[in-house]
Amino acid sequence: MEINVLYYLLPSLVMFCCGIYGFLTRKNMIAMLISLELMLNAVDINFTVINRFIYPDGQEGMFFSLFAIAIAAAETAMAIAIIINLYRVNKNVDVRDANKLQG
Amino acid sequence: MDYSQFLAMKQEIALLAIFLIVFLYDTFMPKKVLTGLSGITTILFAAFTLAGFGLMCGHTESAFAGMYVTSPVIATIKNILNVGVLIVLIQSASWNNSETQSTRRGEFYELLLVTLFGMYLMISARHFLLFVIGLECASLPLAAMVAFDKHKYESHEAAVKYMLTAVFSSAIFMMGLSYVYLLTGSLYFDTIASSVGCLDAQPLLIVALAFVIAGVGFKLSLVPFHLWTADVYQGAPTAVTSYLSVISKGSAAFAFMVILAHCFGSVYSAVWEWMLYGLIILTITVGNLFALRQNNMKRFLAFSSISQAGYIMLGIIGNNAMGMASLMFYILVYIFSNLAAFGVIQAIENKTGKLDMSDYRNLYKSNPHLAFVMMLAMFSLAGIPPFAGFFSKFFIFTGALSGTTSVALYVLVLIALINTIISLYYYLMVVKSMFLSTEDPIIETFRSSCADRIGMWICTAGVIALGLVSYFYNSILTLCQNSGLLNAIV
């Protein structure tokens, strides 16, 4: 069986949608962060696969995913730091409890 | 490698130099002189801003194989942002010199300069890799700045909300980019522009562009991607809120225009005109309707800034040079009028800790000057002549309509006009509570600090001068018409 590019793009799309679903439904901030990570990884897969299978001449997609991985790491570090700060004052990381700001 | 190409990035390198000076000063100087940090940063930045005006008559240069471009128009928008940042720096001086800020004063300035650097990259980028790096460089330090009030719960909650939505939006944005890459095989704006033309309205292109617009729409807080805005604006320290609402929004709006007009200009009417059309109507209307029922001033300005973002988008939907000029002028005017309002809010918050609109009742009795500046800001935001806001709205409507005969755009401008009248109601509510209330004022008479007053003077002068002197708009328009940025496409 020949491996078509769609066999890579569809799972990554499913992964992305799972990430969105998780982000919207999970109540724990760490779980939300994991969902975001899923979305960002789906992007990395997409770029690598498109570069490898459709435009094998250049390296743009590979480099974009390299940078995207670094950026995702920075984002996660930042988000974890902020969540820990919130945990110090709130004693939990449930988004339902982060609702004091209201008009 | 040819290192001389770094010379094209004069503004970025100068900004990094300021950042390094501030960083080294903050790290190595003795504790006693650290209170001078705010003054030094402001003076350095003022010199940098003035020097930046010299670049406006330069010519187009590019670096890193065309990934980075600078031109007179780009230098101008950077200068406009610089003016805004300078005012923010002046206005935040007294907050930064307070006791609670003493241990982390330097961090505020460092983070602020880094975010500005990221915005520069966003504006100058002509390759999506550089754009994404600039976007993240602008939004990650901003999240740290939102979380700056370490002892306040609200600040943390706002930071969490900002951070999670920022990451979510950048993930969506990059997913859109991956589909653009799939369709065109490149991430260079030029290559995308030339190959997207023959794609027409392919479903995948529509999906890709919808993702890209949604991603940037989060940064610009367009409805329906606006839900974070009010909470973040309310929870963040006021200095950060003012920065977030004008500088971050202004740079994102310009970068958004470059992406849409430059990369996807050839599918303007087929794909993104109607997307933007819906977004603008929703943004202006929903922002206005929610602003009507706010009492907290920062929350109120958050919703007002959402609807202002809708007006800024009107400059993009025209897809012509006049729209571009009016967008830049709108950002400039918006910087002055919004920062005037935030200057007053910050001065009052620093002295009394009051933030609610009901606390402002009869402010005219106790602090006539502050009430006057606030009134000016509200009039300008609402668009009452002869203040700057009227002309910026006028030009942006003209820009949206120039060179078009489409009835839809006329309807759009009509809706925007009706919304201007709705917005007049809530802007005047503030003025009414300051001037026409009969009860005793809550806020006592006080004298705001020197830096606060300088900041408010600059904003007042800006609001009046931009309304009365036509030089500013004319020079921006000439610059835009001479530049090849939009002309190649229109």
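## Some words on the overall build of chain A
Scanning chain A from terminus to terminus reveals three helices and zero strands. Secondary structure elements of chain A, listed N to C terminal, follow the sequence α-α-α. Counting only C-alpha atoms, chain A reaches 55 × 25 × 25 Å along its principal axes. The burial tally for chain A puts 39% of its 103 residues in the buried class. Taking the contacts inside chain A whose residues are at least 6 apart along the sequence as the reference set, 59% of them involve residues at least 24 apart.

## Section: the packing of aromatic side chains
Residue and element names in this part refer to chain B. Here the structure, examined in full by the defined rule, presents 36 aromatic pairs over all chains. Centre to centre, the rings of F128 and F173 are 6.3 Å apart; their planes meet at 70°, and the pair counts as edge-to-face. Of the two residues, F128 sits in helix α5 (residues 128-146) while F173 sits in helix α6 (residues 153-184), which places them 45 residues apart along the sequence. For F128, a relative accessible area of 0% gives the class buried.

## Describing the packing of helix α15 (residues 368-382) of chain B against helix α16 (residues 388-401) of chain B
Residues and elements named next belong to chain B. Contact geometry for α15 and α16: axes closest at 6 Å, N-to-C directions at 15°. Put simply, α15 runs roughly parallel to α16. In this structure, α15 crosses over α16, and the sense of that crossing is right-handed. Residues S380, L381 and A382 of α15 touch α16, and the partners they reach there are A388, G389, F390 and K393. A per-class count over the contact of α15 with α16 returns four nonpolar, two polar and one charged.

## Comments concerning the pattern of salt bridges
All names here are of chain B. Using the criterion set out here, one finds eight salt bridges over all chains in the structure. The salt bridge involving D149 is made with K152; its shortest N-O contact spans 3.6 Å. In this structure D149 comes out as buried when scored by relative accessible area, which is 14%. A salt bridge links D231 to K161, with the shortest nitrogen-to-oxygen separation between them at 2.8 Å. Linking D231 in helix α9 (residues 229-235) with K161 in helix α6, this pair joins segments that are 70 residues apart in sequence.

## Quick look at the interface of chain A and chain B
Every contact between the two is made by 42 residues of chain A and, on the other side, 43 residues of chain B. Both sides together, the interface formed by chain A and chain B hides about 3,900 Å², and carbon and sulfur atoms give 79% of it. For the chain A face of the interface with chain B, the top three residues by lost area are E60, F64 and L101 of chain A, together amounting to 19%. Connecting chain A to chain B are zero salt bridges. The interface formed by chain A and chain B includes nine residue pairs in polar contact (both at pLDDT 80 or more).

## Considering the environment of F64 of chain B
All names here are of chain B. Note on placement: F64 falls in the loop between β1 (61-63) and β2 (68-70). As for F64 and A8, which are separated by 56 residues in sequence, their C-alpha atoms are 9.9 Å apart. Apart from residues no more than four positions distant in its own chain, F64 is found in contact with M1, Q5, F6, M9 and Y188.

## As for empty space enclosed by the protein
Residues and elements named next belong to chain B. Scanning the entire structure with this criterion turns up three cavities of 30 Å³ or more. Estimates place the volume of the largest cavity at around 190 Å³. Forming the boundary of the largest cavity are 20 residues, of which S139, L142, Y162, K219 and S248 lie nearest the centre. The element contributing the most residues to the lining of the largest cavity is helix α10 (residues 238-263), with five residues. Of the residues assigned to the lining of the largest cavity, the class counts are twelve nonpolar, six polar and two charged. For the second largest cavity, the calculated volume is near 40 Å³. Lining the second largest cavity we find Q308, Y330, V333, Y334, S337, S380, L381, G389, S392 and K393. Counting only elements with at least two residues in the lining of the second largest cavity, the list comes to α13 (321-352), α15 and α16. Of all the elements, α13 adds the most residues to the lining of the second largest cavity, at four residues. Here the lining of the second largest cavity is composed, by residue class, of four nonpolar, five polar and one charged.

## Let's talk about the layout of surface pockets
In this structure, the largest pocket spans a volume of roughly 610 Å³. For the largest pocket, the lining is made up of 21 residues, of which F23, L24 and M32 of chain A together with T165 and L227 of chain B are closest to its centre. For the lining of the largest pocket, the elements supplying multiple residues, two or more each, are α1 (6-25) and α2 (29-54) of chain A together with α6 and α8 (203-220) of chain B. Ranked by residues supplied to the lining of the largest pocket, first place goes to α6 of chain B with six residues. Along the lines of polarity and charge, the residues of the lining of the largest pocket split into 16 nonpolar, one polar and four charged.

## Thoughts on the confidence of the model for chain B
For chain B, per-residue confidence averages 91 on the pLDDT scale, and 99% of positions sit at 70 or higher. Within chain B, α5 of chain B carries the highest mean pLDDT (95), whereas helix α20 (residues 484-487) of chain B carries the lowest (56).

## Quick notes on α13 of chain B
With 32 residues, α13 of chain B extends 46 Å between its outermost C-alpha atoms, agreeing within 8% with the 46 Å of an ideal straight helix rising 1.5 Å per residue. Where α13 of chain B terminates, the next one or two residues include G353 of chain B, which has phi positive at roughly 75°.

## Some words on the packing of α10 of chain B against α13 of chain B
Residues and elements named next belong to chain B. Between α10 and α13, whose axes approach to 9 Å, the crossing angle comes to 175°. The pairing of α10 with α13 is recorded here as roughly antiparallel in orientation. In contact with T238, A239, T241, S242, S245, V246, K249, G250, A253, F254 and M257 of α10, α13 contributes M324, L327, M328, I331, Y334, I335, N338, L339, F342, I345, Q346 and E349. Here the residues of the contact of α10 with α13 sort into 14 nonpolar, seven polar and two charged.

## Focus on helix α2 (residues 37-52) of chain B
Taking 1.5 Å per residue, 16 residues should reach 22 Å; α2 of chain B reaches 22 Å between its end C-alpha atoms and fits that length. At its buried positions, α2 of chain B is contacted by α1 (10-28), α3 (72-96) and α4 (105-124) of chain B.

Rules used throughout
- Residues numbered from 1 in each chain as written.
- Chains lettered and ligands numbered in written order.
- Predicted model: local features only at pLDDT ≥ 70, side-chain atom pairs only at ≥ 80, totals over all residues.
- Heavy atoms only, no water.
- Helix = DSSP H or I, 4+ residues; strand = E, 2+ residues; numbered from the N terminus.
- Buried < 20%, exposed > 50% of the residue type's maximum accessible area, 1.4 Å probe, protein only.
- Contact = heavy atoms within 4.5 Å.
- Phe/Tyr/Trp six-rings, centres within 6.5 Å; stacked < 30°, edge-to-face > 60°.
- Axes fitted to C-alpha atoms, helices over the stretch in contact; angles between N-to-C directions.
- Parallel < 35°, antiparallel > 145°, perpendicular 65-115°, else oblique.
- Left-handed = near helix turned anticlockwise from the far one by under 90°.
- Nonpolar A, V, L, I, M, F, W, Y, C, P; charged D, E, K, R; others polar.
- Salt bridge = Lys/Arg side-chain N within 4 Å of Asp/Glu carboxyl O.
- Buried area = accessible area lost by both parts, 1.4 Å probe.
- Polar contact = N/O pair within 3.5 Å; in protein donor to acceptor, adjacent residues only side chain to side chain.
- 1 Å grid on protein atoms, 1.4 Å probe; cavity = no way out; pocket = protein on both sides within 12 Å on 5 of 7 lines; lining within 4 Å.
- Points joined across faces, edges and corners; volume = space filled by probe spheres on them.
- pLDDT = per-residue confidence, 0-100.
- Expected span 1.5 Å × (residues − 1).

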